[in-house]
Amino acid sequence: QEEDPPEEEKHFHIASCVYSIVGIRYYRGVAHEGEFVHLVREPNNPYDANAIRVDNMNSEKVGHIKREQATIIARLMDQAESLHLNIEGTIPSPGNAFATPVKLDFYAVCSSSSTTSDYEQLRLATILEESFHRRWGFRLS
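Since the model is a prediction, treat every value here as computed from it, not as a measurement. (Residues numbered from 1 in each chain as written. Predicted model: local features only at pLDDT ≥ 70, side-chain atom pairs only at ≥ 80, totals over all residues. Heavy atoms only, no water.)

Undergrad: Would you mind showing me how to read the overall build of the protein chain here?
TA: What the protein chain contains, in helices and strands, is three helices and seven strands. Secondary structure elements of the protein chain, listed N to C terminal, follow the sequence β-β-β-β-α-α-β-β-α-β. Burial status across the protein chain gives 40% buried among its 141 residues. (Helix = DSSP H or I, 4+ residues; strand = E, 2+ residues; numbered from the N terminus. Buried < 20%, exposed > 50% of the residue type's maximum accessible area, 1.4 Å probe, protein only.)

Following this line, the structure appears as C-alpha coordinates:
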(Lines give C-alpha, C1' and ligand atoms only; values in the text may rest on other atoms or scores of the structure.)
Protein backbone atom coordinates (compact mmCIF):
# COMPACT_ATOMS: atom_id res chain seq x y z
CA GLN A 1 0.00 0.00 0.00
CA GLU A 2 1.34 3.40 -0.98
CA GLU A 3 1.70 6.12 1.61
CA ASP A 4 0.08 9.48 1.02
CA PRO A 5 2.58 12.22 0.31
CA PRO A 6 3.09 14.68 3.18
CA GLU A 7 0.59 17.49 3.16
CA GLU A 8 1.94 20.83 1.95
CA GLU A 9 1.84 23.75 4.37
CA LYS A 10 0.97 27.37 3.69
CA HIS A 11 2.83 30.12 5.55
CA PHE A 12 1.19 33.52 6.03
CA HIS A 13 3.52 36.32 7.11
CA ILE A 14 2.11 37.93 10.25
CA ALA A 15 4.89 40.17 11.56
CA SER A 16 8.62 40.84 11.77
CA CYS A 17 10.98 42.51 14.21
CA VAL A 18 14.72 42.98 14.72
CA TYR A 19 16.27 41.65 17.94
CA SER A 20 19.80 41.25 19.32
CA ILE A 21 22.02 38.19 19.48
CA VAL A 22 24.31 38.66 22.49
CA GLY A 23 27.21 36.66 23.93
CA ILE A 24 28.73 36.25 20.49
CA ARG A 25 32.28 36.70 21.76
CA TYR A 26 31.94 33.49 23.80
CA TYR A 27 31.15 31.16 20.88
CA ARG A 28 33.00 30.05 17.76
CA GLY A 29 29.98 30.16 15.44
CA VAL A 30 29.55 33.15 13.16
CA ALA A 31 26.54 34.35 11.19
CA HIS A 32 26.98 36.78 8.32
CA GLU A 33 24.67 39.35 6.78
CA GLY A 34 21.91 37.64 4.79
CA GLU A 35 22.43 34.25 6.48
CA PHE A 36 19.53 32.27 7.90
CA VAL A 37 19.86 31.26 11.54
CA HIS A 38 18.11 28.61 13.62
CA LEU A 39 16.50 29.38 17.00
CA VAL A 40 16.76 26.71 19.70
CA ARG A 41 14.86 26.93 22.99
CA GLU A 42 17.00 26.12 26.04
CA PRO A 43 14.49 25.78 28.90
CA ASN A 44 17.13 24.00 31.03
CA ASN A 45 19.74 26.75 30.60
CA PRO A 46 21.20 27.31 34.10
CA TYR A 47 21.34 31.10 33.61
CA ASP A 48 17.93 31.73 32.05
CA ALA A 49 14.93 29.41 31.71
CA ASN A 50 13.72 31.55 28.76
CA ALA A 51 17.03 31.26 26.89
CA ILE A 52 16.95 31.03 23.10
CA ARG A 53 20.17 29.90 21.45
CA VAL A 54 20.97 31.07 17.93
CA ASP A 55 22.81 28.64 15.65
CA ASN A 56 24.19 29.33 12.18
CA MET A 57 23.49 27.11 9.17
CA ASN A 58 26.41 24.85 10.17
CA SER A 59 24.67 24.21 13.53
CA GLU A 60 27.37 26.19 15.35
CA LYS A 61 26.29 28.24 18.35
CA VAL A 62 26.45 31.97 17.56
CA GLY A 63 24.96 33.38 20.78
CA HIS A 64 21.60 33.93 22.48
CA ILE A 65 18.66 36.27 21.99
CA LYS A 66 18.97 39.14 24.48
CA ARG A 67 17.35 38.13 27.79
CA GLU A 68 14.61 40.80 27.85
CA GLN A 69 13.56 39.92 24.31
CA ALA A 70 13.83 36.16 24.84
CA THR A 71 11.30 36.26 27.67
CA ILE A 72 8.51 37.07 25.23
CA ILE A 73 9.74 35.02 22.27
CA ALA A 74 10.28 31.92 24.46
CA ARG A 75 6.58 31.85 25.38
CA LEU A 76 5.66 31.99 21.69
CA MET A 77 8.17 29.25 20.81
CA ASP A 78 6.83 27.06 23.60
CA GLN A 79 3.31 27.43 22.18
CA ALA A 80 4.30 27.46 18.49
CA GLU A 81 2.61 24.17 17.65
CA SER A 82 -0.72 25.04 19.28
CA LEU A 83 -0.60 28.56 17.81
CA HIS A 84 0.36 27.16 14.37
CA LEU A 85 3.29 29.56 14.39
CA ASN A 86 6.65 29.38 12.61
CA ILE A 87 9.52 31.75 13.43
CA GLU A 88 12.38 32.27 10.96
CA GLY A 89 15.56 34.26 11.59
CA THR A 90 18.00 36.05 9.29
CA ILE A 91 20.92 38.37 9.89
CA PRO A 92 19.90 41.75 8.37
CA SER A 93 23.21 43.61 8.84
CA PRO A 94 26.66 43.18 10.39
CA GLY A 95 26.99 43.45 14.15
CA ASN A 96 29.91 44.34 16.40
CA ALA A 97 32.09 42.46 18.90
CA PHE A 98 29.25 42.24 21.43
CA ALA A 99 25.98 41.87 19.53
CA THR A 100 24.56 41.03 16.11
CA PRO A 101 21.07 41.95 14.91
CA VAL A 102 18.66 39.19 13.94
CA LYS A 103 15.40 39.74 12.08
CA LEU A 104 12.66 37.37 13.13
CA ASP A 105 9.72 36.76 10.82
CA PHE A 106 6.56 35.26 12.30
CA TYR A 107 4.33 33.08 10.11
CA ALA A 108 0.92 31.50 10.65
CA VAL A 109 1.07 27.93 9.36
CA CYS A 110 -1.78 25.81 7.98
CA SER A 111 -2.09 22.79 5.72
CA SER A 112 -2.92 23.44 2.09
CA SER A 113 -6.13 21.42 2.43
CA SER A 114 -7.43 23.56 5.26
CA THR A 115 -8.57 27.12 4.91
CA THR A 116 -7.08 29.64 7.26
CA SER A 117 -9.86 31.98 8.14
CA ASP A 118 -9.37 35.70 8.58
CA TYR A 119 -10.45 35.11 12.18
CA GLU A 120 -7.59 32.62 12.80
CA GLN A 121 -5.00 34.97 11.30
CA LEU A 122 -6.40 37.89 13.29
CA ARG A 123 -6.31 35.76 16.47
CA LEU A 124 -2.63 34.93 15.97
CA ALA A 125 -1.78 38.53 15.07
CA THR A 126 -3.57 39.74 18.21
CA ILE A 127 -1.67 37.26 20.38
CA LEU A 128 1.63 38.41 18.87
CA GLU A 129 0.82 42.09 19.22
CA GLU A 130 -0.30 41.70 22.83
CA SER A 131 2.80 39.64 23.65
CA PHE A 132 5.13 42.29 22.36
CA HIS A 133 3.26 45.39 23.58
CA ARG A 134 4.75 47.15 20.56
CA ARG A 135 7.97 47.41 22.64
CA TRP A 136 10.51 46.06 20.22
CA GLY A 137 9.49 47.80 17.01
CA PHE A 138 7.18 44.91 16.25
CA ARG A 139 5.34 45.43 12.94
CA LEU A 140 2.31 43.49 11.84
CA SER A 141 2.17 42.71 8.12
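Undergrad: Looking at this structure, how should I read the side chain of N45?
TA: If you trace the backbone, N45 turns up in the loop between β2 (36–42) and β3 (51–55). A polar side-chain atom of N45 sits 2.8 Å from the main-chain amide nitrogen of Y47. Sequence-distant contacts of N45, that is, excluding residues within four places in its chain, are made with A51 and H64. (Polar contact = N/O pair within 3.5 Å; in protein donor to acceptor, adjacent residues only side chain to side chain. Contact = heavy atoms within 4.5 Å.)

Undergrad: What is the right way to look at the pattern of salt bridges in this model?
TA: Between side chains of opposite charge, a pair can form when the charged atoms approach closely. In the structure shown here, the tally under the stated rule is four salt bridges. Taking the shortest distance from any N to any O, the salt bridge between R53 and D55 comes out at 2.8 Å. Each member of the pair, R53 together with D55, is buried. Through salt bridges with shared partners, a single network forms among E42, R53 and D55. (Salt bridge = Lys/Arg side-chain N within 4 Å of Asp/Glu carboxyl O.)

Undergrad: Explanation requested: the nonpolar core in the structure shown.
TA: When a protein is soluble and globular, its nonpolar side chains tend to lie buried together. Residues I65, V102 and L104 are the most contacted members of the largest nonpolar core, which totals 23 residues. Contributing elements (two or more residues each) for this core: β1 (9–22), β2, β3, β4 (61–65), α1 (67–78), α2 (80–83), β5 (85–90) and β6 (99–111). Per-element accounting of this core gives the leading share, four residues, to α1. In contact with V102, not counting residues within four places along its chain, are C17, V18, Y19, S20, I21, V37, I65, G89, T90, I91 and P92. (Core = buried A, V, L, I, M, F, W, Y, C linked by side-chain atoms within 4.5 Å.)

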